[in-house]
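Examination of the molecular architecture
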Amino acid sequence: MTTRYTETHEWVRLENGDTATIGITAHAAEELGDVVFVEAKDVGTHLKDGEAVAVVESVKAASDIYTPLAATVESFNSALTDDPALINGDPEGKGWILTVKLDDPEAFNTLLSAEDYKKL
Amino acid sequence: MNEPLKHTPLYDLHVSLGAKMVPFAGYEMPVQYPMGVMEEHQHTRHKAGLFDVSHMGQLRIRPRSGGGAEAAAAFETLVPMDFIALPEGRQRYALLTNEQGGIRDDLMVARQAGDLFAVVNAANKDSDAAYIEKQLAEDCHVIRQFDRALLALQGPKAVDVIVDLFPQAAAMRFMDCVDTTLDGVAVTLSRSGYTGEDGFELGLPADQAAAVARKLLDYPDVAPIGLGARDSLRLEAGLCLYGQDLNTTTTPVEASLVWSIQKSRRPGGERAGGYPGAETIAQQLETGVYRKRVGLLPEGRAPIRAGVELFSDEAGTEKVGRVSSGGFGPTVGGPVAMGYVSKEKAVLDTPLFASLRGRMVPVVVRRMPFVPAGFKR
């Protein structure tokens, strides 16, 4: 399993075949502050690359989360409904937001590597 | 208009405390400290939070002859509030109105021995000072104390700290205001704030501000609090933010601030009218208004923020208003909001719908504050 990153501070982990998990990076979680609400597009929704796939709300503001690749929403992390602060506590683990089915799994390799993301 | 951001006298202290600094009303201000907005909010509700509000404008409205009484009489020509009957040492919430009855600014004004002490919003301080100066030119001059710092210590433990430093504060009630000293430094101390909690505000010279702030932070119950928690605290307390909940097109009646207009200045009172927009406001007091500011409690967990439109029906055919401020209330444990709705809907417990990202979220018109006030009256 490889994790790649976006310039808009999402992480994307290719699970197996064409399924990928999306969340926000520790840096993004830190910038947002205390998360109080998360919601994603309905399961089955198809999105083009760069489209908003979820919204993460902190006490301060609402922030869109984008899918960097064209994909269909497969599942939402329902643990976030009761405990949205998981995103602050474990942004790249238990605070994952959703899984999607990628239109083109090959395109995954066009995303930023961990090393490239750190350079941003 | 791309002027460099200004710093308050506490800028270095904020940075040394690890604050995240953001631009606000022309200043670089702390939005939060490492504690985080949620905990800062709770800390203020349970202990004591220290806020730097030095970006706000402190003014002295000083009469050309006489004292506080003369300044009060002159100032009554600009606001629908009673300052003549306000005793010396007392503070009052006030609204500068325009000719249409709209609100130019909201401010706190204290009657002092020789003048009136006013605290105005940061974004309006230059225009407020110029306006008051021009309007009252014959009777008063306006002393801009914009270089002075303003600290707020808010929360149930604030009184213990303040009384330890200012023993006379033990006798102060909510909205008392005194000119006093701390180790020889001139401090304007009032028992007031913007959080719905008991607390105090201290106006003091810039060069003493950091030392006093550090002294306050040395008390174990005191933590520094940023603008993020300041906003969630005032929202739960049902307090207006100028520019969001109030502006030049909202009148005091529409803004549900009629409580701030004393009987003596209303129709039939001994000094009725005599301020800008008085005819409009008198008529609205008589016959009502088409829209009113109300508290809104959204169902579920999603915050409903400023600008969200409100409808009477789930289909969204009848638009009845708009949210002016909204977010997450950490003490309430869920979203809270306020907004303007048409008068038929400005009735407690009226169910409405907020249009959020293409779906309709049920909201209910509720009484404010959302959290009981902790004032010591």
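Residues numbered from 1 in each chain as written. Chains lettered and ligands numbered in written order. Predicted model: local features only at pLDDT ≥ 70, side-chain atom pairs only at ≥ 80, totals over all residues. Heavy atoms only, no water.

1. A look at the overall build of chain B
A tally of regular secondary structure across chain B gives eight helices and 19 strands. Relative to the 2.2 N^0.38 estimate, which gives 21 Å for 377 residues, the radius of gyration of chain B is 21 Å and therefore close to what a compact globule would have. For chain B, the spread of C-alpha atoms along the three principal axes comes to 65 × 50 × 45 Å. Across the 377 residues in chain B, those meeting the buried criterion constitute 59%. Partitioning the contacts of chain B with sequence separation of at least 6, the portion at a separation of at least 24 is 65%. Carbon and sulfur atoms make up 51% of the accessible area of chain B, which totals about 15300 Å². Charge-centre separation for chain B: the mean point of 41 positive side chains lies 3 Å from the mean point of 45 negative side chains. (Helix = DSSP H or I, 4+ residues; strand = E, 2+ residues; numbered from the N terminus. Rg over C-alpha atoms; globule rule 2.2 N^0.38 Å. Buried < 20%, exposed > 50% of the residue type's maximum accessible area, 1.4 Å probe, protein only. Contact = heavy atoms within 4.5 Å. Areas by Shrake-Rupley, 256 points an atom, 1.4 Å probe, with all protein chains shown as cover. Lys, Arg positive; Asp, Glu negative; His and termini not counted. Charge placed at Lys NZ, Arg CZ, Asp CG, Glu CD.)

2. Overview of the interface of chain B and chain A
Contacts between the two partners involve 16 residues from chain B and, on the opposite side, 16 residues from chain A. Taken together, the two surfaces of chain B and chain A that pack against each other cover about 1300 Å², and 51% of this comes from carbon and sulfur. Per-residue buried area on chain B facing chain A is highest for Arg301, Arg305 and Arg357 of chain B; these three make up 40% of the total on that side. For the pair chain B and chain A, the number of links is four salt bridges. For Arg357 of chain B, the salt bridge goes to Glu39 of chain A, with nearest N and O atoms at 2.8 Å. (Buried area = accessible area lost by both parts, 1.4 Å probe. Salt bridge = Lys/Arg side-chain N within 4 Å of Asp/Glu carboxyl O.)

3. A look at the pattern of salt bridges
Two side chains carrying opposite charge are able to pair once their charged atoms lie near each other. All chains considered together, the criterion is met by 25 salt bridges over all chains. Here Glu57 of chain A and Arg305 of chain B are joined by a salt bridge, their closest N and O atoms 2.7 Å apart. Taken together, the positions of Glu57 of chain A in strand β6 (residues 52-58) and Arg305 of chain B in the loop between β14 (291-298) and β15 (309-311) put the pair across two chains. Glu57 of chain A sits in the buried class, given a relative accessible area of 1%. Note that Arg60 of chain B and Asp115 of chain B form a salt bridge whose closest N and O atoms lie 3.1 Å from each other. Placement of the pair is Arg60 of chain B in strand β4 (residues 57-63) and Asp115 of chain B in the loop between β6 (103-111) and β7 (116-120), with a sequence separation of 55 residues. A relative accessible area of 6% means that Arg60 of chain B is categorised as buried.

4. Remarks on the sheet that holds strand β17 (residues 334-342) of chain B
All names here are of chain B. Read around the barrel, six strands follow the order β14-β17-β16-β15-β18-β19 and close on themselves; strand pairing throughout is antiparallel. Taking the axes of each pair of neighbouring strands and ignoring which way they run, one obtains an average angle of 40° across the sheet. Pairing between β15 and strand β16 (residues 319-329): three bridges, direction antiparallel. Residue Glu309 lies in a different strand from β16, and its bridge partner there is Arg322. Here helix α7 (residues 227-236) sits on the sheet and contacts β16 and β17; the angle it forms with β16, its principal contact strand, is near 125°. (Pairing = 2+ DSSP bridges. Axes fitted to C-alpha atoms, helices over the stretch in contact; angles between N-to-C directions.)

5. Regarding helix α8 (residues 278-287) of chain B
Residues and elements named next belong to chain B. When we look at burial in α8, the residues that qualify are Ala278, Ile281 and Gln284. For α8, the angular spread of the buried residues around the axis is 130°, confining them to a single face. More than 90 degrees from the buried face of α8, the exposed residues found are Glu279, Gln283, Glu286 and Thr287. Looking at the buried residues of α8, the elements they touch are β5 (91-97). Where α8 terminates, the next one or two residues include Gly288, which has phi positive at roughly 90°. (Arc of directions from axis to C-beta.)

6. Regarding the sheet that holds strand β12 (residues 199-204) of chain B
Residues and elements named next belong to chain B. Taken in spatial order, the six strands make up an open sheet running β10-β11-β12-β9-β3-β13, and their pairing is mixed. Both outer strands of the open sheet, β10 (177-182) and β13 (222-224), are each paired with one neighbouring strand and no more. Neighbour-to-neighbour, the strand axes of this sheet turn through a mean angle of 25°, independent of strand direction. Pairing of strand β11 (residues 185-190) with β12, which is carried by three bridges, proceeds in the antiparallel orientation. For Thr188, the partnering residue across the bridge sits in β12 and is Gly203. Contacting β3 (48-52), β9 (149-154), β10, β11, β12 and β13, helix α6 (residues 206-217) runs over the sheet at an angle of about 15° to β9.

7. Quick look at the packing of aromatic side chains
All names here are of chain B. For the structure on display, the rule yields four aromatic pairs over all chains. Considering the side-chain rings of Phe75 and Phe83, the 5.4 Å spacing of their centres and the 70° angle between planes classify their relative orientation as edge-to-face. The side chain of Arg104 reaches across the aromatic face of Tyr131, ending 3.6 Å from its centre. The ring of Tyr340 carries Arg291 above its face, with NZ or CZ at 4.9 Å from the centroid. (Phe/Tyr/Trp six-rings, centres within 6.5 Å; stacked < 30°, edge-to-face > 60°. Lys NZ or Arg CZ within 6 Å of the ring centre and 35° of its normal.)

8. Points about the packing of helix α2 (residues 37-46) of chain B against α7 of chain B
Residue and element names in this part refer to chain B. Where α2 meets α7, the axes come as close as 8 Å, and the angle between the chain directions of the two elements is 55°. Classified by the angle between their axes, α2 and α7 sit oblique to one another. Considering how the two elements wind past one another, α2 and α7 form a crossing that is right-handed. Of α7, the residues touching α2 (which contributes Val37, Glu40, His41, Thr44 and Arg45) are Gly228, Ala229, Ser232, Leu233 and Glu236. A breakdown of the residues in the contact of α2 with α7 according to their chemical character gives three nonpolar, four polar and three charged. (Parallel < 35°, antiparallel > 145°, perpendicular 65-115°, else oblique. Left-handed = near helix turned anticlockwise from the far one by under 90°. Nonpolar A, V, L, I, M, F, W, Y, C, P; charged D, E, K, R; others polar.)

9. Examining the environment of Val332 of chain B
Residue and element names in this part refer to chain B. Summarising the element assignment, Val332 is placed in the loop between β16 and β17. Along the backbone, Val332 and Val371 are 39 residues apart, and their C-alpha atoms lie at a distance of 7.0 Å. Beyond its immediate stretch of four places on either side in the chain, Val332 contacts Glu236, Phe370 and Val371.

10. Side note on the domain arrangement of chain B
All names here are of chain B. Here the domain parsing of chain B yields domain 1 (11-53 + 148-236), domain 2 (55-144 + 251-289) and domain 3 (290-369). Centre-to-centre separation of domain 1 and domain 2, based on C-alpha positions: 26 Å. Listed by partner, the interface residues are 21 residues for domain 1 and 17 residues for domain 2. Between domain 1 and domain 2, roughly 1500 Å² of surface is buried when both sides are summed, and carbon and sulfur atoms account for 51% of that area. In this assembly, domain 1 and domain 2 are joined by two salt bridges. The interface formed by domain 1 and domain 2 includes 13 residue pairs in polar contact (both at pLDDT 80 or more). For the side of domain 1 that touches domain 2, the secondary structure elements donating two or more residues are β2 (27-32), β9, β10 and β11. Tallied by class, residues from the side of domain 1 that touches domain 2 come to eleven nonpolar, four polar and six charged. (Domains from an automatic or database assignment. Polar contact = N/O pair within 3.5 Å; in protein donor to acceptor, adjacent residues only side chain to side chain.)

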